[in-house]
Amino acid sequence: MAGQRVEVDGGIMEGGGQILRVSTALSCLLGLPLRVHKIRAGRSTPGLRPQHLSGLEMIRDLCDGQLEGAEIGSTEIMFTPEKIKGGIHTADTKTAGSVCLLMQVSMPCVLFASSPSELRLKGGTNAEMAPQIDYTAMVFKPIVEKFGFKFNCDIKMRGYYPKGGGEVIVRMSPVKQLNPINLTDRGSVTKIYGRAFVAGVLPFKVAKDMAAAAVRCIRKEVRDLYVNIQPVQEPKDQAFGNGNGIIIIAETSTGCLFAGSSLGKRGVNADKVGIEAAEMLLANLRHGGAVDEYLQDQLIIFMALACGVSRIKTGPVTLHTQTAIHFAEQLAKAKFSVKKSEDKEDASKDAYIIECQGIGMTNPYL
C-alpha cells in the first residue's frame, strides 16, 4: 500500500503544530506515507514540543504505523500509516499541552476505524493557545456532530498551565461516511450564557468578578437579552492545580454557536479577564458569519472528508483555516473555494463563504 511519500513543508503558512495535526491525520486516514520537514521552523523553540510528540505517537498507535524522527526538538518526521483500529488509545502530553488539540488530531481518524474507540487524553484542559475543553464540549461538539456522528466527552479532571494534570475521555463509534454541512444562515442571537471558573487556591470572588465584568461589557451592545454567566468553584477532586477563566456562548435562532473565552494569568485582574472574553464574543458576532473564528479551521478536515458539498459562512478567514485548506487540498485532493459573501445583509460586513467538494471518504471496515 505504501506508495510515494507525500512531502509536507512544516514551515509554511501557520508554520506550527497545526500543520502537523492536519497532515498526520490525513496521512493516517488516506493511507499516505508522509514526510514533514522544517517542523515549527520559525518558532522560538523550533521542532517538536512534548504535546506535538504525544499527538504523533497517538496517531501512530491508532493505526499501528511507523514513525521516525519523533523526538523533542526534531524538525523532521516520517510517518507510514497502516489500518486504523478502534479500542482504547491514550495520549499524555505530560505537560499543560492541550487535550483539545489531541482530540483535533485523533477524532477524524477514529471515525474511520474498524470499531468503537475510547480516547484517554491527558494534559491541559483549559490552557493558553488552544481551545478550552468547555469550548470543545459546548460549541465544537454540537456543530461537528452535524456531519452525522456523535461523540461523548467526559471531563474527568481539569488541568491548567503550567502543571497540566487534566484528563478527558472521549468515546465514539465509527461511521460509514460523513454528511456535508451547510452553516450559512446565522439567524438572530437568542441566548447568551457561560461559566466563569476558579480552581485551586483562587478565591470564589474572582469568578464572580469575571462574570460581572463580562455581563457589563456585553450589556453595552446587547441590551435586550438576559446574560447568564455562572460563577463556578471547580470541585477539588475535579481540578488539578490552580486556574481561572471564563467562556461565554451566544446561541442563535438557527442553532449557530459563537464563543468568547479568556484565561486568568498571574497579575491580571479578574475584570480584565471577563472583559477580554466578552469582547471576543462581541467581535465574533459582528462579522456576520455563522461560525466563530475558532471553529473555522476545525471544520475543514471534516468538510474535506464528507460526501458532497459543504458550505460555511465565516468572518475573516484565519491563517489556521487557510493552512487547513491548503493541506486538505494537497493531501486529500478536496476542492475548496473561498469567496466574499454576496448576501445583501453582509454588504457592510467582512463575511466569506467557504465551500468544499468533499472526497466522500468511506470507511473500508464497515
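No experiment lies behind these values; they were computed from the predicted model shown. (Residues numbered from 1 in each chain as written. Predicted model: local features only at pLDDT ≥ 70, side-chain atom pairs only at ≥ 80, totals over all residues. Heavy atoms only, no water.)

Draft legend 1. Representation of the UniProt feature "binding site: ATP" (unreviewed entry) in the protein within the structure. Here the UniProt feature "binding site: ATP" (unreviewed entry) sits at Gln-104, Tyr-294, Leu-295, Gln-296, Asp-297 and Gln-298. A compact arrangement is adopted by the annotated residues: their sequence extent is 195 residues, whereas the largest C-alpha distance between any two is 12.8 Å. Of the annotated set named above, Gln-104, Asp-297 and Gln-298 line the largest cavity. Its place among the elements puts Tyr-294 in helix H7 (residues 293-305). Contacts of Tyr-294, omitting those with residues within four sequence positions, involve Tyr-135, Met-280 and Asn-284. By the element assignment, Asp-297 lies in helix H7. When near neighbours in sequence (up to four residues on either side) are disregarded, Asp-297 contacts Gln-18, His-320, Thr-321 and Ala-324. (UniProt positions renumbered as here; feature names shortened; annotations may be inferred. 1 Å grid on protein atoms, 1.4 Å probe; cavity = no way out; pocket = protein on both sides within 12 Å on 5 of 7 lines; lining within 4 Å. Helix = DSSP H or I, 4+ residues; strand = E, 2+ residues; numbered from the N terminus. Contact = heavy atoms within 4.5 Å.)

Draft legend 2. Just the sheet that holds strand E4 (residues 77-80), in detail. Here we have four strands laid out as an open sheet, ordered E1-E2-E4-E3, and mixed in their pairing. A strand with exactly one partner marks an edge of an open sheet, and here the two such strands are strand E1 (6-9) and strand E3 (66-68). Each adjacent strand pair in this sheet contributes to an overall mean axis angle of 15°, direction not counted. Where E3 and E4 come together, three bridges link them in antiparallel fashion. In the sheet register, Glu-68 faces E4, and the bridge partner there is Met-78. Its contacts with the sheet put helix H2 (residues 50-62) on E3 and E4, and the angle it makes with E3 is roughly 150°. Contacting E1 and strand E2 (34-37), helix H8 (residues 319-332) runs over the sheet at an angle of about 165° to E1. (Pairing = 2+ DSSP bridges. Axes fitted to C-alpha atoms, helices over the stretch in contact; angles between N-to-C directions.)

Draft legend 3. Focus on the nonpolar core. Within the largest apolar cluster, 109 residues are counted, with the highest numbers of intra-cluster contacts made by Phe-149 and Leu-299. Counting contributing residues per domain, this core is built from domain 1 (6-183 + 291-359) and domain 2 (189-287), each supplying no fewer than three. Contacts of Leu-299, omitting those with residues within four sequence positions, involve Ile-143, Val-144, Phe-147, Ile-181, Leu-183, Val-291 and Ile-312. Counting six residues, the second-largest nonpolar core is a separate cluster that includes Tyr-160, Phe-197, Ala-199 and Ala-239. (Core = buried A, V, L, I, M, F, W, Y, C linked by side-chain atoms within 4.5 Å. Buried < 20%, exposed > 50% of the residue type's maximum accessible area, 1.4 Å probe, protein only. Domains from an automatic or database assignment.)

Draft legend 4. Up close: the environment of Ser-117. As for its position among the elements, Ser-117 is in strand E6 (residues 117-123). Its relative accessible area of 5% is what places Ser-117 among the buried residues. Separated by 35 residues in sequence, Ser-117 and Glu-82 have C-alpha atoms that sit 17 Å apart. The residues contacting Ser-117, other than those within four sequence positions of it, are Lys-85, Gly-86, Gly-87, Val-110, Val-170, Arg-171 and Met-172.

Draft legend 5. Broad picture of empty space enclosed by the protein. One pass over the full model with this rule turns up one cavity of 30 Å³ or more. Within this model, the largest cavity holds a volume of roughly 150 Å³. Around the largest cavity, the lining comprises 13 residues; the ones closest to its centre are Val-22, Gln-104, Asp-297, Gln-298 and Ile-301. Contributing elements (two or more residues each) for the lining of the largest cavity: helix H1 (17-30), helix H3 (99-110) and H7. (Points joined across faces, edges and corners; volume = space filled by probe spheres on them.)

Draft legend 6. Layout of the sheet that holds strand E12 (residues 239-240). Reading across from one edge, E5-E6-E8-E7-E12 is the order of the five strands in this open sheet, with mixed pairing throughout. Edge positions in the sheet fall to strand E5 (87-92) and E12, since each has one partner strand and no second. Strand direction decides the pairing type here: strand E7 (residues 151-159) and E12, joined by two bridges, are parallel. Pairing of Arg-158 across the sheet is with Ala-239, part of E12. Sheet contacts for helix H4 (residues 133-144): E7 and strand E8 (166-172); angle to E7, the most-contacted strand, approximately 170°.

Draft legend 7. Helix H6 (residues 270-286), seen in detail. Under the 1.5 Å per step criterion, the end-to-end length of H6 is 25 Å for 17 residues, consistent within 8% with the ideal 24 Å. Buried residues of H6: Ala-270, Val-273, Gly-274, Ala-277, Ala-278, Leu-281, Leu-282, Asn-284 and Leu-285, and no others. Taken end-on, H6 shows its buried residues confined to a sector of 165°, consistent with a single buried face. In this structure, the buried residues of H6 make contact with strand E10 (189-199), helix H5 (204-221), strand E13 (243-252), strand E14 (257-263) and H7. In the segment just after H6, Gly-288 is the residue with positive phi, at about 85°. (Expected span 1.5 Å × (residues − 1). Arc of directions from axis to C-beta.)

Draft legend 8. The UniProt feature "domain: RNA 3'-terminal phosphate cyclase insert" (unreviewed entry) in the protein, seen in detail. UniProt marks residues 184-285 with the feature "domain: RNA 3'-terminal phosphate cyclase insert" (unreviewed entry), using the numbering shown here. The span residues 184-285 is 33% helical and 36% strand by assignment, and the distance between its end C-alpha atoms comes to 14 Å.

Draft legend 9. How the structure looks around the pairing of E4. Across three bridges, the pairing between E2 and E4 is antiparallel. Across the sheet, Val-36 pairs through a bridge with Ile-77, a residue of E4.

Draft legend 10. Local environment of the domain arrangement of the protein. You can read the domains of the protein as domain 1 (6-183 + 291-359) and domain 2 (189-287). Taking only C-alpha atoms into account, the centre of domain 1 sits 25 Å from that of domain 2. Taking both sides of the interface into account, the surface hidden between domain 1 and domain 2 amounts to around 2,200 Å²; carbon and sulfur atoms contribute 62%. Three residues stand out in domain 1 for area buried against domain 2, namely Gln-132, Met-138 and Tyr-160, and they jointly supply 26% of the buried area on that side. Connecting domain 1 to domain 2 are three salt bridges. (Buried area = accessible area lost by both parts, 1.4 Å probe. Salt bridge = Lys/Arg side-chain N within 4 Å of Asp/Glu carboxyl O.)

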